[in-house]
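Descriptive structure summary
So you can see what is in the structure, the chains are spelled out below.
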Amino acid sequence: MARQGYSILVCPDPVLLRRRVEALAASGGMVSAERKVFWGDEPDPLPGAFWEALTLKSLFSTPKVLVLRRANALKAEAWDRLDKALRAANSDVWVFLCLEGVWERNKAPVPAVLTKRGLWKHAESSGWVWQSKGLDEKGLRAFVRDWAAERSLTFEPGAQEALCRVLPLDAAALSLELDKLDLAAGDGRLVRKEHAELIRGQEDMDLFALLDALAKGASPVLVWKRVLDNRAESEGMLFPLLGALAREARLLWMLASGEEDDLKVHPYVKQLKTPLARRLGRPALARLLDLALEAEVGVKSGGRKPEQALELLVAELTGILGPAKARR
């Protein structure tokens, strides 16, 4: 495929965008090109460094890939400057304009301010526009197939179908699940049907990742932000969270107590969670169960509002699971 001056990628999924950029760059012979990323929703979305990379040639003609994320947030003046600049862009530069708005009624979120400009019309007529609503069932199967081929993995009969029924339709979450399956496949490089048991609901995955991150001393800002940003829906999310917390604490308790043989979970799940169970120890795990009970009783007795119980749970978990307090 011949390299072009720019591409317009319309997709809400950042992982699919990254894969598309990588595929196009590879097809245009720019795998080793210098890559710079800019953000269309920042106060200065197109700083001097962007225009310098776009227009100035270096002595050694170093190829560059410029990725402008969330370009759908650009104002009319920015599109005017791009419209003019891309006509005379550096021949060693490939610009990727990523439109990441939400699709509505199967309509691509292309800003009207862009469609009126020459760079859109030229890209559309030249076939330089790529559009995707994100992963669907068909795209998921193709993603899994390509992933397996890249890692020389094979599926036992029925395994691929079983996995595709439970894998998430979000490329970021999907990639994390597939990394886990890659480990579970072992030296035999065989994905078995039973490995579908390793794929769990997103809330459970978030909870385990949160507990593990806190116990290691990390600051899982994104997980807590998700919790606190949804305080208006606390009543609906609190009790499922408490149930998941109690289940997780019991499982970790059994692992910490040497009762793993009595657990009816996949061996890989035991392997994944045993280090956390040992790191925390039974006193901390017992306190997790107490916290779940206290939050539930507090709300049901009327002593706490759901959002209060949720915020208190967040604070208590952060204090209990810190590495200094983890003990056998």
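Residues numbered from 1 in each chain as written. Predicted model: local features only at pLDDT ≥ 70, side-chain atom pairs only at ≥ 80, totals over all residues. Heavy atoms only, no water.

Here's the deal with helix α1 (residues 14-27)
Compared with the 20 Å implied by 1.5 Å per residue over 14 residues, the 20 Å span of α1 between its first and last C-alpha is a close match. Every buried residue belonging to α1 is among Val15, Leu16, Leu17, Val21, Leu24 and Ala25, and all of these are buried. Its side-chain oxygen 3.0 Å from the backbone nitrogen of valine 15, aspartate 13 forms the N-cap of α1. Phi turns positive one or two residues past the end of α1, at glycine 29, with a value near 70°. (Helix = DSSP H or I, 4+ residues; strand = E, 2+ residues; numbered from the N terminus. Expected span 1.5 Å × (residues − 1). Buried < 20%, exposed > 50% of the residue type's maximum accessible area, 1.4 Å probe, protein only. Polar contact = N/O pair within 3.5 Å; in protein donor to acceptor, adjacent residues only side chain to side chain.)

Some remarks on the pattern of salt bridges
Applying the stated criterion across every chain yields a total of 15 salt bridges. Note that arginine 87 is salt-bridged to aspartate 83, the shortest N-O span being 3.7 Å. With relative accessibility at 66%, the residue arginine 87 sits in the exposed group. The class of aspartate 83 is buried, set by a relative accessible area of 10%. As a salt-bridge pair, arginine 151 and aspartate 182 come within 3.5 Å of each other at their nearest N and O atoms. You can see arginine 151 sitting in the loop between α6 (137-150) and β6 (154-155) and its partner aspartate 182 sitting in helix α8 (residues 171-185), a full 31 residues away along the chain. Judged by its relative accessible area of 28%, arginine 151 falls in the partly exposed class. Each of Glu150, Arg151, Asp182 and Arg189 takes part in salt bridges that share partners, so that together they form one network. (Salt bridge = Lys/Arg side-chain N within 4 Å of Asp/Glu carboxyl O.)

Quick look at the sheet that holds strand β2 (residues 34-39)
Pairing is parallel in the open sheet, where 5 strands are placed in the order β2-β3-β4-β1-β5. The sheet is open, and its two edges are formed by β2 and β5 (129-131), each paired on a single side. Taking the axes of each pair of neighbouring strands and ignoring which way they run, one obtains an average angle of 15° across the sheet. The sheet contact formed by strand β1 (residues 6-10) and strand β4 (residues 93-99) spans 5 bridges and is parallel. The residue of β4 that forms the bridge with leucine 9 is cysteine 98. With respect to the sheet, α1 is in contact with β1, β2, β3 (64-69), β4 and β5, its orientation differing from that of β4 by roughly 160°. (Pairing = 2+ DSSP bridges. Axes fitted to C-alpha atoms, helices over the stretch in contact; angles between N-to-C directions. Contact = heavy atoms within 4.5 Å.)

Examining the nonpolar core
Of all hydrophobic cores here, the largest spans 37 residues; its most connected members are Val65, Phe96, Trp147, Leu167 and Leu181. Secondary-structure elements contributing two or more residues to this core are α1, β3, β4, α6, α7 (159-166) and α8. One finds Ile8, Val10, Leu46 and Val110 within the second-largest nonpolar core, a separate group that totals 30 residues. (Core = buried A, V, L, I, M, F, W, Y, C linked by side-chain atoms within 4.5 Å.)

Some details on the confidence of the model for the protein chain
Averaged over all residues, the pLDDT of the protein chain is 82; the fraction at 70 or higher stands at 83%. A low-confidence stretch, residues 201-205 (pLDDT under 50), is modelled with 8 contacts involving residues beyond four sequence positions or located in other chains. Counted against residues more than four places away or in other chains, residues 324-328, with its pLDDT under 50, gives 14 contacts. (pLDDT = per-residue confidence, 0-100.)

As for the packing of aromatic side chains
Overall, the coordinates contain 4 aromatic pairs when judged by the stated rule. Arranged with centres 5.1 Å apart and planes meeting at 85°, the rings of tyrosine 6 and tryptophan 128 form a pair that is edge-to-face. Of the two residues, tyrosine 6 is situated in strand β1 and tryptophan 128 in the loop between α5 (118-126) and β5; the sequence distance between them amounts to 122 residues. Here tyrosine 6 matches tryptophan 128 in class, with each residue buried. A ring pair is formed by phenylalanine 50 and tryptophan 51, whose centres lie 5.1 Å apart and whose planes are at 85°; its orientation type is edge-to-face. Looking at phenylalanine 50, the relative accessible area reads 0%, which means it is buried. Feature note: the residues Phe38, Phe50 and Trp51 constitute an aromatic cluster, connected by ring pairs. Sitting above the plane of the phenylalanine 143 ring, arginine 19 keeps its charged end 4.2 Å from the centroid. (Phe/Tyr/Trp six-rings, centres within 6.5 Å; stacked < 30°, edge-to-face > 60°. Lys NZ or Arg CZ within 6 Å of the ring centre and 35° of its normal.)

Considering the pairing of β3
Of all the 6 residues making up β3, 6 are buried; the element is thus mostly covered by neighbouring parts of the structure. Residues Lys64, Leu66 and Leu68 of β3 are buried on one face, and the alternating residues Val65, Val67 and Arg69, pointing to the opposite face, are buried as well. Pairing of β2 with β3, which is carried by 6 bridges, proceeds in the parallel orientation. When the bridges of β3 are listed, valine 37 appears paired with valine 67. The sheet contact formed by β3 and β4 spans 5 bridges and is parallel. Within β4, the position partnered with lysine 64 by the bridge is valine 93. After leaving β3, the chain enters helix α3 (residues 76-85) and then returns to the sheet as β4, a path that is right-handed. (Right-handed = clockwise from strand over helix to strand, strands pointing away.)

A word on the environment of leucine 16
Inspection of the secondary structure puts leucine 16 in helix α1. Each C-alpha atom of the pair leucine 16 and lysine 133 lies 10.0 Å from the other, and the pair is 117 residues apart in sequence. Other than its neighbours up to four places away in sequence, leucine 16 contacts Cys11, Trp130, Ser132, Gly134, Leu135, Phe143 and Ala171.

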